[in-house]
Amino acid sequence: MATERTLVLVKPDGVRHRQIGEVLRRIEAKGYDIVALQQLVPTAELLEKHYEEHVGKPFYGSLVEFMMSGPVVAAVAEGEQVIAAFRSLAGATDPIKAAPGSIRGDLARDWGTKVQQNVVHGSDSPESAEREIGLWFPAL
Ligand code: DAT
Ligand code: MG
């Protein structure tokens, strides 16, 4: 058994399109527990820590601008191998390439040239999950 926790974000496009419930529904339908939940507009400081591996890349500025464009829902999901399982539920980073049936493949509406508007974030490893949960939920 490898019970894990992962950080899930419903990004501003998902909140704007009233997809919070649908994203959380898919996580619960897969058998995972939502153990923490909050809505907030993130600060540039929080995003710089969250996206530390992307600081300095060409898309970083527009990614942060987008992430601050409206409220984000942050959730912690828990269960067996939830980190990989949520990445699978989310689908490929580029919503145009994300398979039908995945969150990004089914729900992304604003794709066009904007890869960043891909509805959700999910941690990519146990180390990132621990670090990201600490940033978004310091009390956990
Ligand atoms: P993921 O969100 O699938 O973990 P990532 O960590 O590589 O993807 O990138 C973080 C976010 O940055 C991603 O959700 C969308 C945006 N992004 C990634 N690569 C990009 C690119 N080449 N151009 C524009 N935005 C990009
Ligand atoms: Mg990532």
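What you are looking at is a predicted structure, and each value in this text was computed from that prediction instead of being measured.

Draft legend 1. Representation of the sheet that holds strand β4 (residues 120–122) within the structure. Strand order in this open sheet of four strands is β2-β3-β1-β4, and the pairing throughout is antiparallel. Since the sheet does not close on itself, it has two edges, and those belong to β2 (33–40) and β4, each with one partner. The average angle at which neighbouring strand axes cross in this sheet is 20°, direction not considered. Pairing between strand β1 (residues 3–10) and β4: three bridges, direction antiparallel. For V8, the partnering residue across the bridge sits in β4 and is G122. Contacting β1, β2, β3 (72–80) and β4, helix α7 (residues 126–136) crosses the sheet at an angle of about 55° to β1.

Draft legend 2. Structural view of the confidence of the model for the protein chain. Counting all residues, the mean pLDDT for the protein chain is 96, and 99% of those residues have values of 70 or more. The ipTM value of the predicted complex is 0.97, and its pTM value is 0.97.

Draft legend 3. Geometry of the site of ligand 1. Taken together, K11, Y51, H54, F59, L63, R87, T93, R104, V115, Q116 and N118 form the complete shell of residues around ligand 1. With respect to ligand 1, the side chain of T93 contributes an N or O atom lying 2.5 Å from an oxygen atom. One of the side-chain N or O atoms of R104 is found 3.2 Å from an oxygen atom in ligand 1. Expressed as a share of its isolated accessible area of 510 Å², the protein-covered part of ligand 1 is 74%. Split into classes, the residues belonging to the shell around ligand 1 amount to four nonpolar, four polar and three charged.

Draft legend 4. Just the UniProt feature "active site" (unreviewed entry) in the protein chain, in detail. UniProt's feature table lists "active site" (unreviewed entry) at H121, given in the numbering used throughout. One can find H121 in strand β4. Discounting residues that sit within four places of it in the chain, H121 has contacts with L7, V8, L9, K11, H50, Y51, F86, R104 and E132.

Rules used in this analysis
Residues numbered from 1 in each chain as written. Chains lettered and ligands numbered in written order. Predicted model: local features only at pLDDT ≥ 70, side-chain atom pairs only at ≥ 80, totals over all residues. Heavy atoms only, no water. Pairing = 2+ DSSP bridges. Helix = DSSP H or I, 4+ residues; strand = E, 2+ residues; numbered from the N terminus. Axes fitted to C-alpha atoms, helices over the stretch in contact; angles between N-to-C directions. Contact = heavy atoms within 4.5 Å. pLDDT = per-residue confidence, 0-100. Near = heavy atom within 4 Å. Polar contact = N/O pair within 3.5 Å; in protein donor to acceptor, adjacent residues only side chain to side chain. Areas by Shrake-Rupley, 256 points an atom, 1.4 Å probe, with all protein chains shown as cover. Nonpolar A, V, L, I, M, F, W, Y, C, P; charged D, E, K, R; others polar. UniProt positions renumbered as here; feature names shortened; annotations may be inferred.

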